[in-house]
Amino acid sequence: MRQLASRKERLATEGGEGAECLPAHGRARPDPSEGGAAGARPYSRLVAWTGWLLIVCGFALLPWLYLLATGRPDSATAAHWPVTWVGLDALEAAGLIATGVLAARGDRRHALAATTTATLLVIDAWFDTTTAVAGSDLAEAATMALCAELPLAALCAWLAVRAMGRRT
């Protein structure tokens, strides 16, 4: 904010010359005199790395959508059983990708996408395990929940909490 205030004062005294536009994601362009990427805070690098990890996970989920669409049993009592699961996992993939892109760019709005994605992942884990038939289906659902969905949900929740705690 101090940087913005000093720019306003400078623009007022210079008659508006040398104005600089802020990018859409709300961060000012880095000042070359500040050391550039080498001077980046470890938190920023960690969030960016986490963002890229989420992007990869989101894209890795896309082939799973095909398996869900073609491999779900037709004996379920729901009229559109495969569509239900494909739709939920498609939302998860979109949420992971959106969260990852925003976090990798350093955009604080990644907290919103991360919160939504964490919620979707927990819901998916819940419904996968509660609708699975005892035996191998339940073991598969529990494995997916414990090894993929819940850890990704925790990672997204961590990103959201960290972003909400930062000051501008």
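Residues numbered from 1 in each chain as written. Predicted model: local features only at pLDDT ≥ 70, side-chain atom pairs only at ≥ 80, totals over all residues. Heavy atoms only, no water.

Draft legend 1. Structural context of the side chain of D89. Mapped onto the elements, D89 comes out in helix α3 (residues 81-105). If sequence neighbours within four positions are ignored, D89 has contacts with L61, W64, L65, L68 and D124. (Helix = DSSP H or I, 4+ residues; strand = E, 2+ residues; numbered from the N terminus. Contact = heavy atoms within 4.5 Å.)

Draft legend 2. Layout of the environment of A145. Along the chain, A145 falls in helix α5 (residues 136-165). Owing to a relative accessible area of 5%, A145 belongs among the buried residues under this scheme. As a C-alpha pair, A145 and D124 span 21 residues in sequence and 8.1 Å in three-dimensional space. Here A145 is in contact with A125, T129, L150 and P151, once residues within four sequence places are set aside. (Buried < 20%, exposed > 50% of the residue type's maximum accessible area, 1.4 Å probe, protein only.)

Draft legend 3. Up close: a nonpolar patch on the surface. Judged by side-chain polarity, L46, W49 and L53 come together as a nonpolar surface patch covering roughly 300 Å² of accessible area. As for its position among the elements, L53 is in helix α2 (residues 42-71). (Patch = residues over 30% accessible without salt bridge, like charges linked within 9 Å, V, L, I, M, F, W, Y side chains within 5 Å. Areas by Shrake-Rupley, 256 points an atom, 1.4 Å probe, with all protein chains shown as cover. Salt bridge = Lys/Arg side-chain N within 4 Å of Asp/Glu carboxyl O.)

Draft legend 4. Inspection of α5 at higher detail. Taking 1.5 Å per residue, 30 residues should reach 44 Å; α5 reaches 42 Å between its end C-alpha atoms and fits that length. Listed as buried for α5 are A141, A145, E149, L152, A153, C156, L159, A160 and A163. (Expected span 1.5 Å × (residues − 1).)

Draft legend 5. Up close: the packing of α3 against helix α4 (residues 110-131). Put simply, α3 and α4 touch, their axes get as near as 8 Å, and they point 150° apart. Between α3 and α4, the angle is such that the two are roughly antiparallel. Crossing of α3 against α4: the hand is left-handed. Where α3 abuts α4, its residues W81, W85, L88, D89, L91, E92, G95, L96, A98, T99, L102 and A103 lie against H110, A113, A114, T117, L120, L121, D124, F127, D128 and T131. Across the contact of α3 with α4, the residue classes tally to 13 nonpolar, five polar and four charged. (Axes fitted to C-alpha atoms, helices over the stretch in contact; angles between N-to-C directions. Parallel < 35°, antiparallel > 145°, perpendicular 65-115°, else oblique. Left-handed = near helix turned anticlockwise from the far one by under 90°. Nonpolar A, V, L, I, M, F, W, Y, C, P; charged D, E, K, R; others polar.)

Draft legend 6. How the structure looks around the side chain of T50. Within the fold, T50 resides in helix α2. Owing to a relative accessible area of 2%, T50 belongs among the buried residues under this scheme. In terms of polar contacts, T50 uses its side chain to reach the backbone carbonyl oxygen of L46, at 2.7 Å. Sequence-distant contacts of T50, that is, excluding residues within four places in its chain, are made with L155, W158 and L159. (Polar contact = N/O pair within 3.5 Å; in protein donor to acceptor, adjacent residues only side chain to side chain.)

Draft legend 7. Here's a closer look at the packing of α4 against α5. Where α4 contacts α5, the two axes come as close as 8 Å, and the packing angle between them is 160°. For the element pair α4 / α5, the angle class is roughly antiparallel. The hand of the α4/α5 crossing is left-handed. Across the contact of α4 with α5, the residue classes tally to 19 nonpolar, four polar and three charged.

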